[in-house]
Amino acid sequence: MATALSEEELDNEDYYSLLNVRREASSEELKAAYRRLCMLYHPDKHRDPELKLQAERLFNLVHQAYEVLSDPQTRAIYDIYGKRGLEMEGWEVVERRRTPAEIREEFERLQREREERRLQQRTNPKGTISVGIDATDLFDRYEEEYEDVSGSGFPQIEINKMHISQSIEAPLTASDTAILSGSLSTQNGNGGGSINFALRRVTSAKGWGELEFGAGDLQGPLFGLKLFRNLTPRCFVTTNCALQLSSRGIRPGLTTVLARNLDKNTVGYLQWRWGIQSAMNTSIVRDTKTSHFTVALQLGIPHSFALISYQHKFQDDDQTRVKGSLKAGFFGTVVEYGAERKISRHSVLGAAVSVGVPQGVSLKVKLNRASQTYFFPIHLTDQLLPSAVFYATVGPLVLYFALHRLVIRPYLRAQKEKELEKQRESTATDILQKKQEAEAAVQLMQESVRRIIEAEESRMGLIIVNAWYGKFVNDKSKKSEKVKVIDVTVPLQCLVKDSKLILTEASKAGLPGFYDPCVGEEKNLKVLYQFRGVLHQVMALDSETLRIPKQSHRIDTDG
């Protein structure tokens, strides 16, 4: 009588939802739900060959779910890692007396073995492209000197410097990583490049060490050693030693950073740098869910300064951040303010205005795309001109909102539609199968539902008048969107027991007689029911727990 279930079929079932039990359900609750569904789907109860075949498939699916959840070991694996965890090789050698915690450790061990086999195929590329733009001719023009020069009526905007850097990481073993990086720079016609190779080893859970070798055409060979160590659970130290060989001789350098967690969100740093540009620096950084605050003081040659900066993080979907900072020292004073915002799943766009003496006014635009950074510092003027500050502030805002409305938003909407369409295409066969199973389940439920309704009517109990599941469009601004719902009146009535209906906190698409009518979209369950002769109505979210009847669902017919 057994019919084999495909891997895809098993992988797309939520066993708790199928049995309509809580994730904390006891063995007695599981057994009661299993027996009830077995009585409903048992093939011997159906004489029609087609119904008998559908009942056999559903019966085996329910049996598979009960087998997994009734066994403490397989249930622990399923609860932690889902059905994928049950498919991992190696579980056959695990002792059946192990606790869920021991099973978690065993699963993580098996995962580590798989990861080690993939180490040679993985890298972590990171890159930065910086393009410096000189736009001072927009505000600082010497018109009297170039009146007779052809084309002098238009401001000259130039690219005066560029920097490109790239690095990749290649894990050699579970504790060793090789890092290769390189960079190219040019400024006002002069440029150079360098290449570095580093080997990092994790020595223990408390520390790691790194050896670095480098060479370039502007500087000679470089030899470096970096060490990291956790001194206590709240304190760590980093030391970086370097020897730079050049035409002027050997130039040694040493940097040591001592850090301590002052509380859950605050870290204090002490830094000492000896060699080129020797300095001592102390700073306190506080990072919370809604803000980031930094205060720093440095004493050194040639630069000494005090810095204070604050960043506010808005709790919106775009992860908007607004920041401002003040930096004052021997070199002058700089005020910087700006904002950044997430414009797509992997991209963050930011802009900042820098105003200072003697630096003047600059606009800095930065785009982070995955692990790549694109940076465009635009120098506007060497003077403190209100017009430059105004255009540097307002210009990017106007440009961003125009691009967001005309380009970014339509693009993201089109991408979302494309992803949904791709998801629908990839699951079309499975959804069609689920639909056929749901229709077959509804046919199998008819006799049971008839008996349940008769029993409920005899005691003025719970009668499901109508029930729909899927995507409802209530917002007038979304009138163009299609309503995608299915009738689930029969499946819900079949779940009524003793004038009560309880749906657990899981997607309703996994319930017997249900399927997903709109893959990837938000779904609701709308129920119109009668209890003690009075109409009630409720709308519930897809994964929301639902208990009916309830007094709050009652429809007021007095008005």
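Residues numbered from 1 in each chain as written. Predicted model: local features only at pLDDT ≥ 70, side-chain atom pairs only at ≥ 80, totals over all residues. Heavy atoms only, no water.

In the annotation of an unreviewed UniProt entry, the protein chain is listed under the name DnaJ homolog subfamily C member 11 and assigned to Lipotes vexillifer. As its UniProt record puts it under Subcellular location (unreviewed entry), the protein chain is described as follows: "Mitochondrion outer membrane". Per UniProt, the protein chain carries the Sequence similarities (unreviewed entry) text "Belongs to the DNAJC11 family." (UniProt positions renumbered as here; feature names shortened; annotations may be inferred.)

Engineer: What's the story with the overall build of the protein chain in this structure? I'm lost.
Structural biologist: Check the secondary structure of the protein chain and you find eight helices and 23 strands. Considering the protein chain as a whole, with its 559 residues, one finds that 34% of them fall into the buried category. Counted over contacts in the protein chain with a minimum sequence separation of 6, partners at least 24 positions apart contribute 44%. When the accessible surface of the protein chain is split by element, carbon and sulfur atoms take 55% of a total near 34300 Å². (Helix = DSSP H or I, 4+ residues; strand = E, 2+ residues; numbered from the N terminus. Buried < 20%, exposed > 50% of the residue type's maximum accessible area, 1.4 Å probe, protein only. Contact = heavy atoms within 4.5 Å. Areas by Shrake-Rupley, 256 points an atom, 1.4 Å probe, with all protein chains shown as cover.)

Engineer: Help me understand the packing of helix α3 (residues 27–41) against helix α4 (residues 49–70), please; the structure alone is not making it clear to me.
Structural biologist: If you want to describe how two helices pack, look at the angle between their axes and the distance between the axes. It is the contact of α3 with α4, at a shortest axis distance of 9 Å, that shows an interaxial angle of 170°. Accordingly, the angle class assigned to the pair α3 and α4 is roughly antiparallel. In this structure, α3 contributes L30, K31, Y34, L37, C38 and Y41 to the contact, and α4 contributes A55, L58, F59, V62, H63, Y66, L69 and S70. When the residues that make up the contact of α3 with α4 are grouped by side-chain class, the tally is 11 nonpolar, two polar and one charged. (Axes fitted to C-alpha atoms, helices over the stretch in contact; angles between N-to-C directions. Parallel < 35°, antiparallel > 145°, perpendicular 65-115°, else oblique. Nonpolar A, V, L, I, M, F, W, Y, C, P; charged D, E, K, R; others polar.)

Engineer: So what exactly am I meant to see when it comes to the side chain of H553 here?
Structural biologist: Assignment of secondary structure puts H553 in the segment after β23 (546–548). For H553, a relative accessible area of 10% gives the class buried. Aside from chain neighbours lying at most four places away, what touches H553 is Y529, H536, Q537, V538, L546, R547 and I548.

Engineer: Is there a simple way to explain helix α7 (residues 386–458) in this structure?
Structural biologist: Residues spaced three or four apart along an α-helix face the same direction, because each turn holds 3.6 residues. Taking 1.5 Å of rise per residue, the 73 residues of α7 would be expected to cover 108 Å, yet its terminal C-alpha atoms sit only 83 Å apart, more than 12% below that figure. A maximum bend of about 60° is found in α7 at A428. Directly beyond the C-terminal end of α7, a positive phi value near 55° is found at M460. (Expected span 1.5 Å × (residues − 1). Bend = angle between axes of the 7 residues up to and from the residue.)

Engineer: Can you walk me through unusual backbone geometry in this structure?
Structural biologist: In this chain, V357 is followed by P358 through a cis amide linkage whose omega measures 10°. With respect to the secondary-structure elements, P358 resides in the loop between β15 (347–357) and β16 (360–369). Between I548 and the following residue, P549, the backbone shows a cis peptide bond with an omega angle of 10°. The phi dihedral of A370 is positive, around 55°, even though this residue is not glycine. In this structure, A370 sits in the loop between β16 and β17 (372–381). Phi at S499 takes a positive value of approximately 60°, unusual for a residue other than glycine. The class of S499 is buried, set by a relative accessible area of 12%.

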